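Given next are the chains, with one letter for each unit.
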Amino acid sequence: MIVDYHMHLRGERQEIAHEAGAVDLFVECARKAGVDEIGFTEHGYYFTQLRTLWLVPYQVERCAYDLDAYVDAVAGARERGLPVKLGLEVDYVPGREDETRALLAPYPWDYLLGSVHWIDGLGVDGEPRLVDEIGVEETWRRYFDMLGRAARSGLFDSLSHPDLVKIFGDRPERYDYTEIVDAIADAGVAVEVSTAGLRKPVGELYPHPEFLSACRERGVPVTTGSDAHVPSLVGRDFDRARELLGEAGYETVTVFERRQGRQEPLG
Ligand SMILES: [Zn+2]
Ligand SMILES: [Zn+2]
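Residues numbered from 1 in each chain as written. Chains lettered and ligands numbered in written order. Predicted model: local features only at pLDDT ≥ 70, side-chain atom pairs only at ≥ 80, totals over all residues. Heavy atoms only, no water.

J.: Give me the coordination of the zinc ion (ligand 2): which residues, what numbers.
T.: Those donors, His-6 (NE2), His-8 (NE2), Glu-89 (OE) and Asp-227 (OD), are the protein atoms that reach the zinc ion (ligand 2), and they lie 2.1 to 2.2 Å from it. Counting residues between consecutive donors of the zinc ion (ligand 2) along the chain gives the motif H-x1-H-x80-E-x137-D. In this structure, the zinc ion (ligand 2) is positioned 3.6 Å from the zinc ion (ligand 1), and both are ligated by Glu-89. Highlighted residues: His-6 in the loop between β1 (3-4) and α1 (20-33) and Asp-227 in the loop between β9 (222-225) and α9 (238-248), separated in sequence by 221 residues. (Donors = N, O, S within 2.8 Å, 3.2 Å for Na, K, Ca; no water. Helix = DSSP H or I, 4+ residues; strand = E, 2+ residues; numbered from the N terminus.)

J.: For a negative patch on the surface, give the residues involved together with the corresponding values.
T.: Together, Asp-66, Asp-68, Asp-72 and Glu-79 make up a negatively charged patch on the protein surface. Within the element layout of this structure, Asp-66 appears in the loop between α2 (57-62) and α3 (67-79). (Patch = residues over 30% accessible without salt bridge, like charges linked within 9 Å, V, L, I, M, F, W, Y side chains within 5 Å. Areas by Shrake-Rupley, 256 points an atom, 1.4 Å probe, with all protein chains shown as cover. Salt bridge = Lys/Arg side-chain N within 4 Å of Asp/Glu carboxyl O. Lys, Arg positive; Asp, Glu negative; His and termini not counted. Charge placed at Lys NZ, Arg CZ, Asp CG, Glu CD.)

J.: Would you mind going over the side chain of Ser-160 in detail, with residue names and values included?
T.: Position of Ser-160 relative to the elements: it lies in the loop between β7 (158-159) and α7 (178-187). Ser-160 sits in the buried class, given a relative accessible area of 1%. In terms of polar contacts, Ser-160 uses its side chain to reach the side chain of Ser-115, at 2.8 Å. Setting aside anything within four residues of it in sequence, one finds Ser-160 in contact with His-6, Glu-89, Leu-113, Gly-114, Ser-115 and Glu-192. (Buried < 20%, exposed > 50% of the residue type's maximum accessible area, 1.4 Å probe, protein only. Polar contact = N/O pair within 3.5 Å; in protein donor to acceptor, adjacent residues only side chain to side chain. Contact = heavy atoms within 4.5 Å.)

J.: Help me get a handle on the packing of helix α8 (residues 209-217) against α9, residues and values and all.
T.: Where α8 contacts α9, the axes come no closer than 9 Å and their chain directions differ by 55 degrees. Viewed along their axes, α8 and α9 adopt a mutual orientation that is oblique. In this structure, the crossing between α8 and α9 has a hand that is right-handed. Along its contact with α8, which presents Pro-209, Leu-212, Ser-213 and Arg-216, the element α9 presents Leu-244, Leu-245 and Ala-248. Broken down by class, the residue content of the contact of α8 with α9 amounts to five nonpolar, one polar and one charged. (Axes fitted to C-alpha atoms, helices over the stretch in contact; angles between N-to-C directions. Parallel < 35°, antiparallel > 145°, perpendicular 65-115°, else oblique. Left-handed = near helix turned anticlockwise from the far one by under 90°. Nonpolar A, V, L, I, M, F, W, Y, C, P; charged D, E, K, R; others polar.)

J.: Which residues make up the sheet that holds β1, and what values do they have?
T.: Overall, parallel pairing links the seven strands, which are arranged β1-β2-β3-β4-β7-β8-β9 in an open sheet. In the strand order of this sheet, the two ends are held by β1 and β9, each with one partner. Bridge count between strand β8 (residues 190-194) and β9: four bridges; the pairing is parallel. Bridging from a neighbouring strand, Ser-194 pairs with Gly-225 of β9. (Pairing = 2+ DSSP bridges.)

J.: Can you tell me about the packing of aromatic side chains, naming the residues and giving the values?
T.: Enumeration over the complete set of coordinates arrives at 20 aromatic pairs. Both rings, one in Tyr-107 and one in Trp-109, keep their centres 5.6 Å apart while their planes meet at 45 degrees; by these two values the pair is tilted. Take Trp-109: its relative accessible area is 4%, and that puts it in the buried class. Taken together, the aromatic side chains of Tyr-45, Tyr-46, Trp-54, Tyr-58, Tyr-65 and Trp-118 make up a single cluster linked through ring pairs. Over the face of the ring belonging to Tyr-58 we find Arg-62, whose NZ or CZ atom lies 3.5 Å from the ring centre. (Phe/Tyr/Trp six-rings, centres within 6.5 Å; stacked < 30°, edge-to-face > 60°. Lys NZ or Arg CZ within 6 Å of the ring centre and 35° of its normal.)

Okay, here's the thing in structure tokens:
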């Protein structure tokens, strides 16, 4: 089975399109790309219902959309029998776990992705960049510390682009993934294999082969995602993702339904 569990419900120019017609476009593109099932994971910070969680100007500026419209568009397609799942990409906000859980509780999610894009108001993948303020080694330490806390929060089903911190190509000479993989394995959360990194300055899949092999050794399940912000990117470079998964020893991928995961053979 081939599943793309990370995409943003947009039109052809990346404009917000939280409506049934846009879902249909993604489904069509998925079919053409040979993807069996897709899951939508719009950024949580777009939605006014979650407004109290967002602290960073980048998030607050975008917080202007109705979560019910998004949920209706995706859940409606699911009810029409289309191969779509309802998800959300949620920035982990440390110390606000209970509030995050309560705000998300009313909706019929299939799964939630946990992301770390910001640390203390500075960007991991955006401006102003954290790495410019505190340097590479400290950025990596802080990023994986935060990702470990996100894993342990119990809020998420899978961790998106788990080594996003490498996005610009800055990295320590060696990095020992033992501690973060232990945290992920102990928490029972999945990790995402994402092809988005291939389209970023680093030019690699997320996560690093050593990170993924350590996950495999610890029995951590995986999801797969393109992080498409336009329909035409659904399933992009999934042959590369399968190759990386195969090299790490993975034979199955996680399929979620109402926050219950099951393993299906990798297609
Ligand atoms: Zn992201
Ligand atoms: Zn995303």
